[in-house]
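# Summary of the model geometry
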Amino acid sequence: MNFRGVRVGSVTNIKVLFNREDLSARIPVYIELEPERFTPTSNGPVTEHDLTDAEEKEFMDRLIEHGLRAQLQMQSLVTGQLMIQLDFLPDTPVRLVKEDTSVFEIPTIPSDMQEIERTLDTAITALNELDLDNIGNKLSSTADGIDRLVN
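The text that follows walks through the structure, step by step, so that each part is easy to find. On a predicted model such as this, the values are computed, not experimentally measured, just so you know.

### Here we look at the overall build of the chain
- When helices and strands are counted, the chain shows three helices and eight strands.
- The 151 residues of the chain split such that 17% are buried.
- Residue pairs in contact within the chain that sit at least 24 positions apart in sequence constitute 42% of those at least 6 positions apart.
- For the chain, the distance from the average position of its 14 positive side-chain charges to the average position of its 27 negative side-chain charges is 1 Å.

Structure follows, in structure tokens:
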């Protein structure tokens, strides 16, 4: 797991959860952040101190409010290995599942691949909705009319 290219933690568990009613699936990814990599500071010098649970929750809530998001990204094109990238993306919505309240939840955004797939699906749906036979017939009729006019 990286934050702006700096390793800040690792994945500890991944689950596939199926909804029995609609058979939808969710895949929560559990991570462990290396706390020494995140040091809250004031306007003064950097100081390291252990945060209480309440301070840690408040700090994480503020980071999320400020736009902290997680995104699955390709780490290596050769191996196909994926990684989780953290960054501040304040113009993205906060979508939380809040199923497991014993852990902090970082909102996610779709991966670049998911966005490409969604765009392709939309384009294919739009193409399928076009009445290509009718368009072809009109183009053929127009070409016939131009041919008659020219000759």
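### A closer look at the packing of aromatic side chains
- On inspection of all chains with the given rule, the structure shows one aromatic pair.
- Ring plane angle 85 degrees and centroid distance 5.7 Å describe the contact between Phe3 and Phe88, whose orientation is recorded as edge-to-face. Taken together, the residues Phe3 in strand E1 (residues 2-3) and Phe88 in strand E8 (residues 82-88) connect sequence positions 85 residues apart.

### Digging into the side chain of Arg69
- With respect to the secondary-structure elements, Arg69 resides in strand E7 (residues 68-74).
- A polar contact of 3.0 Å, which involves the side chain of Arg69, links it to the backbone oxygen of Ile64.

### Describing the sheet that holds strand E2 (residues 6-7)
- The strand order E2-E1-E8-E7 describes an open sheet built from four strands, whose pairing is mixed. The open sheet has two edge strands, E2 and E7, and neither has a second partner.

### Regarding unusual backbone geometry
- A positive phi is found at Arg4, a non-glycine position, where the angle reads about 50 degrees.
- Tracing the sequence through the fold places Arg4 in the loop between E1 and E2.
- Residue classification places Arg4 among the exposed positions, given a relative accessible area of 52%.
- A positive phi angle is found at Leu23, which is not glycine, with a value near 60 degrees.
- Along the chain, Leu23 turns up in the loop between strand E4 (17-18) and strand E5 (25-26).

### With respect to helix H1 (residues 53-65)
- With 13 residues, H1 should reach 18 Å at 1.5 Å per residue; the first-to-last C-alpha distance of 18 Å fits that figure.
- Buried residues of H1: Met60, Leu63 and Ile64, and no others. The arc enclosing the buried residues of H1, seen along the axis, measures out at 95 degrees, which places them on a common side. For H1, the exposed residues set more than 90 degrees away from the buried face come down to Ala54, Arg62 and Glu65.
- Within two residues after H1, Gly67 carries a phi angle of roughly 115 degrees, on the positive side.

### A look at a nonpolar patch on the surface
- Together, Val11, Ile14, Val16, Phe18, Ile27 and Val29 make up a nonpolar patch on the protein surface, roughly 570 Å² of accessible area in all.
- Tracing the backbone through its elements, the reader meets Val29 in strand E6 (residues 29-33).
- By relative accessible area, Val29 is classed as partly exposed at 37%.

Procedures and definitions
- Residues numbered from 1 in each chain as written.
- Predicted model: local features only at pLDDT ≥ 70, side-chain atom pairs only at ≥ 80, totals over all residues.
- Heavy atoms only, no water.
- Helix = DSSP H or I, 4+ residues; strand = E, 2+ residues; numbered from the N terminus.
- Buried < 20%, exposed > 50% of the residue type's maximum accessible area, 1.4 Å probe, protein only.
- Contact = heavy atoms within 4.5 Å.
- Lys, Arg positive; Asp, Glu negative; His and termini not counted.
- Charge placed at Lys NZ, Arg CZ, Asp CG, Glu CD.
- Phe/Tyr/Trp six-rings, centres within 6.5 Å; stacked < 30°, edge-to-face > 60°.
- Polar contact = N/O pair within 3.5 Å; in protein donor to acceptor, adjacent residues only side chain to side chain.
- Pairing = 2+ DSSP bridges.
- Expected span 1.5 Å × (residues − 1).
- Arc of directions from axis to C-beta.
- Patch = residues over 30% accessible without salt bridge, like charges linked within 9 Å, V, L, I, M, F, W, Y side chains within 5 Å.
- Areas by Shrake-Rupley, 256 points an atom, 1.4 Å probe, with all protein chains shown as cover.
- Salt bridge = Lys/Arg side-chain N within 4 Å of Asp/Glu carboxyl O.

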